[in-house]
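An overview of the molecular structure
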Amino acid sequence: MRALVLVPVLKQSRYSQSPGSEGAVPVPRRSDEARLEEATGLARAIDLTIAQGLIVPISQPRPATLMGTGKIAEIKQMLDDNDCGLVIVDHPLTPVQQRNLEKEWHCKVIDRTGLILEIFGRRASTKEGTLQVDLAHLNYQKGRLVRSWTHLERQRGGAGFMGGPGETQIEADRRLLQERILRLERELEQVVRTRQLHRAKRRKVPHPIVALVGYTNAGKSTLFNRITGAGVLAENMLFATLDPTLRRMKLPHGRTVILSDTVGFISDLPTHLVAAFRATLEEVLEADLILHVRDMSDPDNPAQSADVLRILDDLGIDEKERSERIIEVWNKIDRLEPEAHEAVSEKAKGRENVLAVSAITGEGIEPLLAEIAERLAGVVTETTVVLPPEKLSLISWIYDNAMVDGREDREDGSVAFDLRLSEQQANALERKLGVLQPVEKEDWER
């Protein structure tokens, strides 16, 4: 289908800050051209042919149609000239605005929320993802039944001509929608319980969780594949990955961690969509470490980063927690010109918790893995542990969770290990073994 993409630009400051926050650092907004490019990218993600893209300045939004009559007539002529059957408006539309614009242009009109829902509907491949998309779509459609139906006459109530007026068709449809929403919410509650059970099992085998987050198309799945060797779909396409993927991986010193690839974030993500994907996004909340992947080849990456941090804040990860749990991964430096590449690499070296990498070429991946290992190690404890014969089942746990500096198999069947463990691992081993003796420095020298 041929489509026309419109990006309404309301008169407002290029920078915004939260209300009532005097002296707050302003948050950059992306350029109008970048918004148009992103909107056309979203449209192409569902195989639409873009006839034309247009930035539409709006001085005063109209409650009935969003834009003025002159601009509506101009766009109507463009639709006729380009033989378009669909208009994508990169802005939230009320049900009334959507209905009125369809009447004026005689074609289908969808807003940004509807477009994102359409993409998510196509990308969802698991039962959980399908349930989440269906729930978000039904909540979105609930307020738009007034434009979706033309047979809104009342049904006759009771039997015979004496029956009073029954419910209108729109009331019946709304009731059916609400019943489907409640059914989906019950099914998603089961999904949430299942995820909680999986997380509880993972806690019993205490592998740290590292979650990848970032703006859509920042290269998270490519980085995930580079680190883990997995075959997750990674394309130059918005929302190429929707359902979360988890893989085990070993860090340089042999410690096992779980890496989680999550759905990409995007600006103006609908609230009910965030709510529907809460079960998926909880993987981020549970993570011990979060890798915030940024596309440094995109001129609008500061605005994209601000959008990601805003969503993390909505999920409950505040600024103080972000400084402790997040490593910024400046990706796609292979796309930069040599001078810019050098400047970005030097800037990353001068900042704490920032590493410059290329998921395609592998540049910077080893320092990133070393940083992850160091951050997850915490306070390292040097210990000597003797496993009696009845506790030899813990050997595999030790090799998976600790750094083994020495091993001695003794004649009585016991095994002695010289270990380096984090405080958390030391406590876990102490619970399993019952006693944990710290080693003296001269013992290590011997």
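Computed from a predicted model, the values in this text were never measured in an experiment.

1. A closer look at the packing of helix 8 (residues 220-228) against helix 14 (residues 365-377)
- Where helix 8 meets helix 14, the axes come as close as 11 Å, and the angle between the chain directions of the two elements is 80°. Relative to helix 14, the element helix 8 lies roughly perpendicular. Of helix 14, the residues touching helix 8 (which contributes Leu223, Arg226 and Ile227) are Ile365, Leu368 and Leu369.
- Residues of the contact of helix 8 with helix 14, tallied by class, amount to five nonpolar, no polar and one charged.

2. What about helix 5 (residues 127-142)?
- Helix length check: helix 5, at 16 residues, gives a terminal C-alpha distance of 22 Å against a target of 22 Å (1.5 Å per residue), a fit within 8%.
- Residues of helix 5 that are buried: Glu128, Gly129, Leu131, Gln132, Val133, Leu135, Ala136, Leu138, Tyr140 and Gln141.

3. Thoughts on empty space enclosed by the protein
- One pass over the full model with this rule turns up two cavities of 30 Å³ or more.
- Estimates place the volume of the second largest cavity at around 30 Å³.
- Looking at the second largest cavity, the residues that line it are Tyr215, Ala218, His292, Val293, Arg294, Asp295, Asn301, Gln304, Ser305 and Val308.
- At the level of secondary structure, the elements contributing two or more residues to the lining of the second largest cavity comprise strand 12 (289-295) and helix 11 (301-315).

4. Describing the environment of Val263
- Examined against the element boundaries, Val263 turns out to sit in the loop between strand 11 (256-261) and helix 9 (271-276).
- The spatial distance from the C-alpha of Val263 to the C-alpha of Thr216 is 7.5 Å, given a sequence separation of 47 residues.

5. Considerations on the sheet that holds strand 12
- Strands sit in the order 10-11-9-12-13-14 across an open sheet of six strands; the sheet is mixed. Of all strands in the sheet, those bounded by a partner on one side alone are strand 10 (245-250) and strand 14 (354-356). Mean inter-strand twist for the sheet, computed between neighbouring axes without regard to direction, equals 25°.
- Packed on one face of the sheet, helix 8 meets strand 9 (209-214), strand 10, strand 11, strand 12 and strand 13 (326-331) and runs near 155° to strand 11.

6. Topic: unusual backbone geometry
- At Leu66, a position not held by glycine, the phi torsion is positive, near 70°.
- Topologically, Leu66 is positioned in the loop between strand 4 (49-58) and helix 2 (69-82).
- Under the relative-accessibility criterion, Leu66 is labelled buried at 2%.
- Of note in this structure, Asp83 is not a glycine but carries a positive phi near 55°.
- Within the secondary structure layout, Asp83 lies in the loop between helix 2 and strand 5 (86-89).
- A residue is classified by how much of its surface remains accessible, and Asp83, at 62% relative accessible area, is exposed.

7. Considering the pattern of salt bridges
- This structure, assessed with the given rule, holds twelve salt bridges.
- In this structure, the salt-bridge partner of Asp409 is Arg407, at a minimum N-O distance of 3.1 Å.
- Linking Glu408 and Arg410 is a salt bridge whose minimum nitrogen-to-oxygen distance equals 3.9 Å.
- Assessed through its relative accessible area of 36%, Arg410 is described here as partly exposed.

8. Topic: the nonpolar core
- Counting residues in hydrophobic clusters, the biggest one holds 40 residues, and the most contacted among them are Leu48, Ile88, Leu115, Val213, Phe265, Ile290 and Leu312.
- Those elements giving two or more residues to this core turn out to be strand 1 (2-10), helix 1 (32-44), strand 5, helix 4 (112-123), strand 9, helix 10 (278-286) and helix 11.
- Within the second largest apolar cluster, 24 residues are counted, among which are Val210, Leu212, Leu223 and Val257.

Each value, and the rule that gives it
Residues numbered from 1 in each chain as written. Predicted model: local features only at pLDDT ≥ 70, side-chain atom pairs only at ≥ 80, totals over all residues. Heavy atoms only, no water. Axes fitted to C-alpha atoms, helices over the stretch in contact; angles between N-to-C directions. Helix = DSSP H or I, 4+ residues; strand = E, 2+ residues; numbered from the N terminus. Parallel < 35°, antiparallel > 145°, perpendicular 65-115°, else oblique. Contact = heavy atoms within 4.5 Å. Nonpolar A, V, L, I, M, F, W, Y, C, P; charged D, E, K, R; others polar. Expected span 1.5 Å × (residues − 1). Buried < 20%, exposed > 50% of the residue type's maximum accessible area, 1.4 Å probe, protein only. 1 Å grid on protein atoms, 1.4 Å probe; cavity = no way out; pocket = protein on both sides within 12 Å on 5 of 7 lines; lining within 4 Å. Points joined across faces, edges and corners; volume = space filled by probe spheres on them. Pairing = 2+ DSSP bridges. Salt bridge = Lys/Arg side-chain N within 4 Å of Asp/Glu carboxyl O. Core = buried A, V, L, I, M, F, W, Y, C linked by side-chain atoms within 4.5 Å.

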